[in-house]
Amino acid sequence: MPQAPSITLVTPTAPIATATHGGRAKCLQRLVRLELPVPTTVALSFDTVLGIANGVMPDPSVILSQFEPGALLCVRPSSEDPDWGGPGAILNVGMTEEKHAQLAETFGAETAARMYLRFVQTYAVHVARLDPDMFEDAESPPAEALYDALRAYEDEYEEPFPQDPGTQLIGVLRSMARAWQGTTARLLRQAKGAPADAGLGLIVQHMAQSAGPGDSGAGVMQLVNSDTGLPQITGRYAGRAQGREALNAGADVLYLEKDPRGPSLAEQLPDAFDALKRYSVLMRQRLREEMQCEFAIENGRVAILDGVRVQRSNRAAVRIAVQLAEDGVIAREEAICRVEPRALSELLHRQVAPNAPRDVLGRGVAASPGAASGVIVFTAAAAQARAAQGEPCILVRRETSPEDIRGMHAASAVLTERGGMSSHAAVIGRGLGLPCVVGASSIRFQTRRRQLIAPDGRVIREGDTVTLDGSTGDVLAGAPRLIEPALDDAFQTLLGWADDVRDVAVRANADTPEDAKTARAFKADGIGLCRTEHMFFEDDRLTVMREMIFAGSSEDRRASLERLLPMQREDFTRLFKIMAGKPVCIRLLDPPLHEFLPSDRAGHQALAEALDLPLSDITRRVEALTEYNPMLGMRGVRLGIAVPEIYEMQARAIFEATAAANVGAAVVPEIMIPLVTAKREVELVKTRIDAVAAEVRTRMGVDFDYSLGVMVETPRAALRAEEIAQHCAFLSFGTNDLTQMTYGLSRDDAGRFMSAYVQQGVFPEDPFHTLDRDGVGELLTMAAERGRRAAPDITLSICGEHGGSPESIAFARDAGFHYVSCSPFRVPVARLAAAQLAVTPNIR
Ligand code: PEP
Ligand code: MG
């Protein structure tokens, strides 16, 4: 049985709740409780509005009886969350011939005609659903245009324009209720996170007459600047002569306080301005939020029509939350929860200014946030040459390989045709804080001809300027305005509060001293993953590394490794120094050796010269090392078992750096073995590393500790965690490879079809981007449980690219992991996300 419509006058004690009447209705009730001058308002509940959409109409006289006879009304939507949108407001309901005549007396003929005309236009289009073209703004004077509009309405609708306020009101309520049920509205709000059955309430409010005689007008006021979050009274006011529409158009309005653009409301109507300021301060204090106050002035009297949360940039959101807490309006825990962690990453990088025009050439995966402009170049060498001349450039590659690292360092951003969230370019880009768009396959990459062809046919040649927006995945033509990062005091304060409460540690994946410095600057709790292979790509080392790979005998190999040893030792010494006693987890060499060799003929030739070997030797060796499936081939611990000298050299470098470290606190390095699948691998490597440690201790006469851990990144290691845990101090989950191997999905190629998979609901999200709780997550919890069974105190962590995402941190926390480790630039996001998880139960 349909329920009786619920029509509630908004009073301080009326039964109104956000969950039944929507956020706007609730907010208006709060304003009424604060005794602000809110015009009479009636709220219709979600159920009532749903009933209206289904044809159960309320008695309009019950609504109208709440207002003075002949009042003009406005109807506005009230959804549970204002972000879910809703149909546009309809103003001046109740406008009839009679009312028009009355208003002409007091407001003047032109104003009255304009008001009536606007209402007829809105009603015709949104309620009677007539063709908008017929009711477009005419050039003719308002009285004539009104006459035409009324005639057009009657012609089209075959009835005169309704003259009964009750009929008008019912028509408006029905059209708004139905609009909410429409497919477009439904899809739009679901995209913003609304449930499928989200309700809509409606508000019917007496219209304050901003077009009336005397000092009348309408405007908005807020106490902070929406871009910076700094205190500043901002807003606009349109006097009766300009009309409300001017507010949206933004032209010819008064600014509120002294403003170089023109006279201000404060100067012209000081009493009204003071009252508004008082009301706004009260709203901030009592609604515990920066609010924008929508107001009207009716013959000098202020009316408050609505209060909405101030729109804010991400940087403003941080400052507003911190300021509210510092003013004692909200608790620190609440300030922590008011900032979306992901929004922080925007503050760490340059961004395209929100209002800058965007000429989109194409799109790809937003793999590393931030924006940069520069001329495009197609080789790492060209990137270095441009950088040497101080010219910012964007490195464009089909995909990047370790050989491109130096070019990536030199470039301001990287664009690739292939790859996904955990491809080489993406991982390195995030590590360097370099904006990066990968998998931009809608653009044609003609790398030999050194040009790109956009989907619309535009050709972008080497030397042309483009902008990469790594936060959205857009490739933009030209150089739109960028805004600088905002690591200001508010940012530091908020993260300081976050650190006070969080209970999951956040480490950084850092391979170089620069990364480590960034990690320290972002207050990481240590290094969770140092990928040592990245240390071998510097030019001087690469040659020695290649010599080692080409060594004909074990002795030759040892000789090359002897040359690499001091370089590695220096790397670790610098890392320990920068991290000043914080934990540093070093992963032994992981990639297959062929990654260190050149991939093209010119590179082979150069290497033949450098090593003084015949070209044929080089090509033969490269071929011999080539694998059909290198990611499943001789890499990680397999290399450590097959060529043990490499891991021994690395262990020696780590221990010598440890023994010599003088950082004020004992350095206890953590050494991690990659790609383990069996406990015997760990036993073998452990025995050798222990022996190296003993030898260094004796030789250097210094005692030190170290801990050995296993990177769990193959399904078998997860399944056999119990026996593996018996031989190590920690398990760190490498969720990149674990995702790749659990799904049997290449992390470098999945980008090609990932969007089709996500669009068709095969995967809810890209599993390289968002940790797959169901499958990979099950392996993680199972392995953690098995590992703990053997070693209850074992340290557990996630160090794959997922480590920094709020969802993975929630997962890690639920599973009782000790830390997550992520790219240095994601550390602040992770710190805030971890803090929110810790305080959320106290807030709710
Ligand atoms: C992993 O596989 O999750 C990982 C962190 O290692 P890499 O990305 O270097 O393979
Ligand atoms: Mg891995």
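Residues numbered from 1 in each chain as written. Chains lettered and ligands numbered in written order. Predicted model: local features only at pLDDT ≥ 70, side-chain atom pairs only at ≥ 80, totals over all residues. Heavy atoms only, no water.

A. The arrangement of the sheet that holds strand 3 (residues 73–79) in detail. Spatial ordering of the open sheet is given by 1-2-5-3-4, a layout of five strands whose pairing is antiparallel. Strand pairing shows two members of the sheet lacking a second neighbour, strand 1 (7–9) and strand 4 (90–93), which therefore form its edges. Shown here is a sheet whose adjacent strand axes are inclined to one another by a mean of 25°, direction ignored. As defined by bridge partners, strand 1 adjoins strand 2 (residues 41–44) across three bridges and the pair is classed as antiparallel. Within the sheet, the bridge partner assigned to L9 lies in strand 2 and is V42. (Pairing = 2+ DSSP bridges. Helix = DSSP H or I, 4+ residues; strand = E, 2+ residues; numbered from the N terminus. Axes fitted to C-alpha atoms, helices over the stretch in contact; angles between N-to-C directions.)

B. The coordination of the magnesium ion (ligand 2), seen in detail. In this structure, E713 (OE) and D737 (OD) serve as the protein donors to the magnesium ion (ligand 2), at separations of 2.0 to 2.1 Å. Placement of the pair is E713 in the loop between strand 28 (707–712) and helix 28 (715–719) and D737 in helix 30 (residues 735–743), with a sequence separation of 24 residues. Here E713 and D737 have matching classes, each one buried. (Donors = N, O, S within 2.8 Å, 3.2 Å for Na, K, Ca; no water. Buried < 20%, exposed > 50% of the residue type's maximum accessible area, 1.4 Å probe, protein only.)

C. Structural context of the packing of helix 26 (residues 644–660) against helix 27 (residues 679–700). One way to put it is that helix 26 packs onto helix 27 with a least axis distance of 9 Å and a crossing angle of 40°. One way to sum up the angle between helix 26 and helix 27 is to call them oblique. At the point where helix 26 passes helix 27, the crossing takes the right-handed sense. Side by side, helix 26 and helix 27 meet where P644, Y647, E648, A651, R652, F655, E656, A659 and A660 of the first sit next to V685, R688, I689, V692, A693, E695, V696, R699 and M700 of the second. (Parallel < 35°, antiparallel > 145°, perpendicular 65-115°, else oblique. Left-handed = near helix turned anticlockwise from the far one by under 90°. Contact = heavy atoms within 4.5 Å.)

D. Main features of helix 13 (residues 314–326). With 13 residues, helix 13 ought to run about 18 Å at 1.5 Å a step, and its terminal C-alpha atoms sit 19 Å apart, in line with that. Residues of helix 13 that are buried include every one of A316, A317, V318, R319, I320, A321, V322, L324 and A325, and no others. Packing partners of the buried residues in helix 13 comprise strand 6 (217–224), helix 12 (270–287), helix 14 (332–337), helix 15 (341–347) and helix 19 (489–501). Just beyond helix 13, the residue with positive phi is G328, at close to 75°. (Expected span 1.5 Å × (residues − 1).)

E. Broad picture of unusual backbone geometry. One non-glycine residue, N92, lies in the positive phi region at around 65°. Here N92 shows up in strand 4. The class of N92 is buried, set by a relative accessible area of 10%. With a phi angle near 55°, R129 is a residue other than glycine that sits in the positive phi range. With respect to the helices and strands, the residue R129 is situated in the loop between helix 6 (109–127) and helix 7 (142–157). Take R129: its relative accessible area is 53%, and that puts it in the exposed class.

F. Looking closely at the site of ligand 1. In the vicinity of ligand 1, 14 residues are found, and the nearest of them are R531, E713, G734, N736 and R747. Here an oxygen atom of ligand 1 and a backbone polar atom of G734 are 3.3 Å apart. One nitrogen or oxygen atom from the main chain of N736 is found 2.6 Å from an oxygen atom belonging to ligand 1. Expressed as a share of its isolated accessible area of 290 Å², the protein-covered part of ligand 1 is 95%. Among the secondary structure elements, those contributing two or more residues to the shell around ligand 1 are strand 25 (527–531) and helix 30. Ranked by residue count, the leading element in the shell around ligand 1 is helix 30, at three residues. Among the residues making up the shell around ligand 1, the classes are represented as three nonpolar, four polar and seven charged. (Near = heavy atom within 4 Å. Polar contact = N/O pair within 3.5 Å; in protein donor to acceptor, adjacent residues only side chain to side chain. Areas by Shrake-Rupley, 256 points an atom, 1.4 Å probe, with all protein chains shown as cover. Nonpolar A, V, L, I, M, F, W, Y, C, P; charged D, E, K, R; others polar.)

G. A look at the packing of aromatic side chains. For the coordinates displayed, the defined rule picks out 17 aromatic pairs. Here the aromatic rings of F522 and F825 are separated by 5.4 Å at their centres, their planes lie at 70°, and the arrangement is edge-to-face. With F522 in the loop between helix 20 (513–521) and strand 25 and F825 in the loop between strand 31 (819–822) and helix 34 (827–843), the pair connects residues that are 303 residues apart, well separated along the chain. Residue F522 shares its accessibility class with F825, and that shared class is buried. For R507, the ring lying beneath its charged end belongs to Y819, and the centroid distance is 3.9 Å. Seen from the ring of F704, R697 lies directly overhead, with NZ or CZ sitting 4.8 Å from the centre. (Phe/Tyr/Trp six-rings, centres within 6.5 Å; stacked < 30°, edge-to-face > 60°. Lys NZ or Arg CZ within 6 Å of the ring centre and 35° of its normal.)

H. Examining the environment of P195 more closely. Among the structural elements, P195 can be located in the loop between helix 9 (183–191) and strand 5 (200–206). The class of P195 is partly exposed, set by a relative accessible area of 39%. Linking P195 and L305, residues 110 residues apart in sequence, is a C-alpha distance of 28 Å.

I. Structural view of the sheet that holds strand 18 (residues 444–446). Spatial strand order, 18-19-20: three strands in an open sheet with antiparallel pairing. Each having just a single partner strand, strand 18 and strand 20 (459–461) make up the two edges of the open sheet. With strand direction ignored, the average angle separating the axes of adjacent strands in the sheet is 20°. Looking at chain direction, strand 19 (residues 451–453) and strand 20 are connected through three bridges and run antiparallel.

J. Representation of a negative patch on the surface in the model. Together, D131, D133, E136, E154, D155, E156, E158 and E159 make up a region of like negative charge exposed at the surface. The residue D133 is located in the loop between helix 6 and helix 7 in this model. (Patch = residues over 30% accessible without salt bridge, like charges linked within 9 Å, V, L, I, M, F, W, Y side chains within 5 Å. Salt bridge = Lys/Arg side-chain N within 4 Å of Asp/Glu carboxyl O. Lys, Arg positive; Asp, Glu negative; His and termini not counted. Charge placed at Lys NZ, Arg CZ, Asp CG, Glu CD.)

K. Just the environment of V220, in detail. Among the structural elements, V220 can be located in strand 6. Along the chain, V220 and Q292 lie 72 residues apart, while their C-alpha atoms are 6.5 Å from each other.

L. Representation of the packing of helix 5 (residues 97–107) against helix 6 within the structure. Contact pair helix 5 / helix 6: the axes reach a minimum separation of 7 Å and the direction vectors enclose 145°. With respect to the hand of their crossing, helix 5 and helix 6 are arranged in right-handed fashion. Contacts between helix 5 and helix 6 involve E97, H100, L103, A104 and F107 on the former and, on the latter, A109, T111, A112, A113, M115 and Y116. Considering only residue class, the contact of helix 5 with helix 6 consists of eight nonpolar, two polar and one charged.

M. Region of interest: the side chain of D511. Within the secondary structure, D511 sits in the loop between strand 24 (505–509) and helix 20. Side-chain polar atoms of D511 contact the side chain of H534, separated by 2.4 Å. Other than its neighbours up to four places away in sequence, D511 contacts L529, C530, R531, H534 and M535.

N. The arrangement of the pattern of salt bridges in detail. As enumerated under the stated definition, the model contains 51 salt bridges in all. As a salt-bridge pair, E547 and R563 come within 2.9 Å of each other at their nearest N and O atoms. Placement of the pair is E547 in helix 21 (residues 539–550) and R563 in helix 22 (residues 554–579), with a sequence separation of 16 residues. Judged by relative accessible area, E547 falls into the partly exposed class, the value being 29%. The residue E695 makes a salt bridge to R652 at a minimum N-O spacing of 3.3 Å. Of this pair, E695 sits in helix 27 while R652 is found in helix 26, placing the two residues 43 residues apart along the sequence.

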